[in-house]
Amino acid sequence: MSLGGASAVTYFETTGWRGLMEVEAGSLLPEKFHSIPGAVFPVYHILAEVADFTAGAEVLAADSADALKVQGLALRSGGGCAYWQPT
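All values reported here derive from a predicted model rather than from experimental measurement.

Definitions and cut-offs
- Residues numbered from 1 in each chain as written.
- Predicted model: local features only at pLDDT ≥ 70, side-chain atom pairs only at ≥ 80, totals over all residues.
- Heavy atoms only, no water.
- Helix = DSSP H or I, 4+ residues; strand = E, 2+ residues; numbered from the N terminus.
- Buried < 20%, exposed > 50% of the residue type's maximum accessible area, 1.4 Å probe, protein only.
- Contact = heavy atoms within 4.5 Å.
- Areas by Shrake-Rupley, 256 points an atom, 1.4 Å probe, with all protein chains shown as cover.
- Salt bridge = Lys/Arg side-chain N within 4 Å of Asp/Glu carboxyl O.
- Phe/Tyr/Trp six-rings, centres within 6.5 Å; stacked < 30°, edge-to-face > 60°.
- pLDDT = per-residue confidence, 0-100.

Student: So what's going on with the overall build of the protein chain? Which residues, and what values?
Tutor: Regarding its fold elements, the protein chain presents 1 helix and 3 strands. Listed N to C, the secondary structure of the protein chain is α-β-β-β in terms of helices and strands. In the protein chain, which comprises 87 residues, the share counted as buried stands at 18%. Within the protein chain, contacts between residues separated by at least 24 positions form 22% of all contacts whose residues are at least 6 apart in sequence. As presented, the protein chain carries roughly 6,800 Å² of accessible surface, and 60% of it is formed by carbon and sulfur atoms.

Here is the structure:
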């Protein structure tokens, strides 16, 4: 369970500018959203790493001095621990 109380997450769109990866044809509005056709977006990598953790993973506090600019995610499962922060 997360610190905020969520026990599950659903990511609605998988492709396109609001998804995990761009469609093979590329952006529908390239003048407003530049992307590489078929490329994965950074959130894809985060969700792929999170998926490797077991259902019993513990969400750790990942506080920031400026939460409006920087957020992170920290998980612990068994003997492993992972932390992600956007760069």
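Student: Quick one: what's the story with the environment of Phe 53, residue by residue and with numbers?
Tutor: Inspection of the secondary structure puts Phe 53 in the loop between α1 (42–51) and β1 (58–60). Judged by its relative accessible area of 18%, Phe 53 is buried. Expressed as a C-alpha distance, the spacing of Phe 53 and Gly 80, which sit 27 residues apart in the sequence, is 8.9 Å.

Student: Provide a residue-level description of the pattern of salt bridges, including the pertinent values.
Tutor: Enumeration over the complete set of coordinates arrives at 2 salt bridges. With a closest N to O distance of 3.0 Å, Arg 18 and Glu 13 form a salt bridge. Residue Arg 18 is classed as partly exposed on the basis of its relative accessible area, which comes to 48%. With a shortest N-O distance of 3.1 Å, Arg 76 and Glu 58 are connected by a salt bridge. A residue pair is termed long-range when its members are at least 10 positions apart, and Arg 76 in strand β2 (residues 73–77) and Glu 58 in strand β1 qualify at 18 residues.

Student: I'd like to hear about the environment of Leu 60, residue by residue, with values.
Tutor: By the element assignment, Leu 60 lies in strand β1. As for Leu 60 and Ala 74, which are separated by 14 residues in sequence, their C-alpha atoms are 5.2 Å apart.

Student: An account of the packing of aromatic side chains is needed here, citing residue identities and associated values.
Tutor: Counted according to the given criterion, the structure contains 2 aromatic pairs. The interplanar angle of 85° and the centroid separation of 5.7 Å between the aromatic rings of Phe 33 and Phe 41 together place this pair among those described as edge-to-face. Among the aromatic residues, ring-to-ring pairing joins Trp 17, Phe 33 and Phe 41 into one connected group.

Student: Tell me about the confidence of the model for the protein chain, residues and numbers included.
Tutor: Taken as a whole, the protein chain shows an average pLDDT of 82; of its residues, 89% reach a score of 70 or greater. Ranking the elements of the protein chain by mean pLDDT puts strand β3 (residues 80–84) last with 74 and α1 first with 83.

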